[in-house]
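Per-entry structural report
One letter stands for each residue in the lines below.
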Amino acid sequence: MELDNNNHSVFLMYYHLVLVIKYRRKVIDDVISNRLKEIFEYVAPRYNITLQEWNHDKDHVHILFKAHPNTQLSKFINAYKSASSRLIKKEYRQIRSCLWEENFWSRSFCILTTGGAPLEVIKRYIESQGEKL
């Protein structure tokens, strides 16, 4: 296992984040998902976050990422949600007709530490999102 480090600590912190479209509107396709991922990869380094895995279903995204211990996760998530909502609505104007009162993301989110399951299990789970079993 390869650990991350900085001047004063050694760590390995993985998180599984689920973000849901407001009222579970089914607006995410491959194009929108790819753009959301690009925005994530642009915002993440400012918060010492590194994307590990990304996938989507029609009404939510699953994200596996690594973070530093000093990362303020709630600030990062709010920054990402704000930027991605603004850019997606601007770049894909047709989405606005599917949304409720201009809201793209639900206010809530789910974030889980991944210490309880092997990363390969979580990666396979994220990779399988959107597939019919």
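Please read all numbers here as calculations on a predicted model, not as lab measurements.

**Describing the pattern of salt bridges**
On inspection of all chains with the given rule, the structure shows 6 salt bridges. The partner of R35 in a salt bridge is E38, and the shortest N-O contact between them spans 3.2 Å. Here E38 and R35 lie together in helix α1 (residues 30-43), a separation of 3 residues that amounts to about one turn. Residues R96 and E102 are paired through a salt bridge, measuring 3.0 Å at the closest nitrogen-oxygen approach. Overall, E102 belongs to the partly exposed group, its relative accessible area being 39%. What you see here is one network of salt bridges that share partners, running through R24, K26 and D59.

**Some words on the side chain of K81**
Tracing the backbone shows K81 in helix α2 (residues 73-91). Lacking a salt bridge, the buried K81 has D59 as its closest oppositely charged neighbour, with an N-O distance of 14 Å. Residue contacts for K81: discarding those within four places in its chain leaves L19, W105, S106, R107, S108 and F109.

**Quick look at the pairing of strand β5 (residues 60-67)**
Side-chain positions along a regular strand alternate between the two faces of the sheet. For β5, the tally of buried residues reaches 8 of 8 residues, placing the bulk of the element in the interior. Here β5 shows a buried face lined by H60, H62, L64 and K66 and a second buried face lined by V61, I63, F65 and A67. Of the pairings in the sheet, the one linking strand β3 (residues 13-20) to β5 comprises 8 bridges and is antiparallel in character. If you follow M13 over to β5, its bridge partner there is A67. Bridging between strand β4 (residues 49-56) and β5 involves 7 bridges; their strand directions are antiparallel. Across the sheet, the residue bridging to L51 is F65, located in β5. Where β4 hands over to β5, the hairpin turn is made up of 3 residues, counted between the paired strands.

**Looking at the packing of aromatic side chains**
Tallied over the entire structure, the rule returns 10 aromatic pairs. With centroids separated by 6.5 Å and ring planes inclined at 25°, the aromatic side chains of F76 and Y80 adopt a geometry described as stacked. Taken as a pair, F76 and Y80 lie in helix α2 at a separation of 4 residues, close to a single helical turn. Residue F76 shares its accessibility class with Y80, and that shared class is buried. An aromatic cluster is present here, built from Y15, F40, Y47, W54, F65, F76, Y80, F104 and W105 joined pairwise through their rings. Over the ring of Y23 we find K22; its NZ or CZ atom is 5.2 Å from the centre of that ring.

Conventions used here
As a convention, each chain's residues are numbered from 1 in the sequence order in which they are written. In keeping with the predicted nature of the model, local features appear solely for residues at pLDDT of at least 70, side-chain atom pairs appear and are counted solely at 80 or more, and the whole-chain, interface and lining totals rest on all residues. Only heavy atoms go into the side-chain values, all of them from the structure, while hydrogens and water stay out. Any Lys or Arg side-chain nitrogen found within 4 Å of a carboxyl oxygen on Asp or Glu counts as a salt bridge. Strands here mean DSSP runs of E at least two residues long; helices mean DSSP runs of H or I at least four residues long; both are numbered from the N terminus. For every residue, the accessible area obtained with a 1.4 Å probe (protein chains only) is divided by the maximum for its type, and the residue is called buried under 20%, exposed over 50%, and partly exposed between those limits. Within this scheme the basic residues Lys and Arg register as positive and the acidic residues Asp and Glu register as negative, but His and the chain ends are omitted. Note on definitions: a residue-residue contact is assigned when non-hydrogen atoms from the two residues lie within 4.5 Å. Think of it this way: DSSP has to see at least two bridges between two strands before they count as a pair. Think of it this way: a Phe, Tyr or Trp ring, Trp meaning its six-membered ring, pairs with another when their centres are within 6.5 Å, and the plane angle makes it stacked under 30 degrees, edge-to-face over 60, tilted otherwise. Only when the NZ of Lys or the CZ of Arg is both within 6 Å of the ring centre and within 35 degrees of the ring normal is a charge said to sit over the ring.

All quantities given are derived from atomic positions and should not be read as evidence of function.
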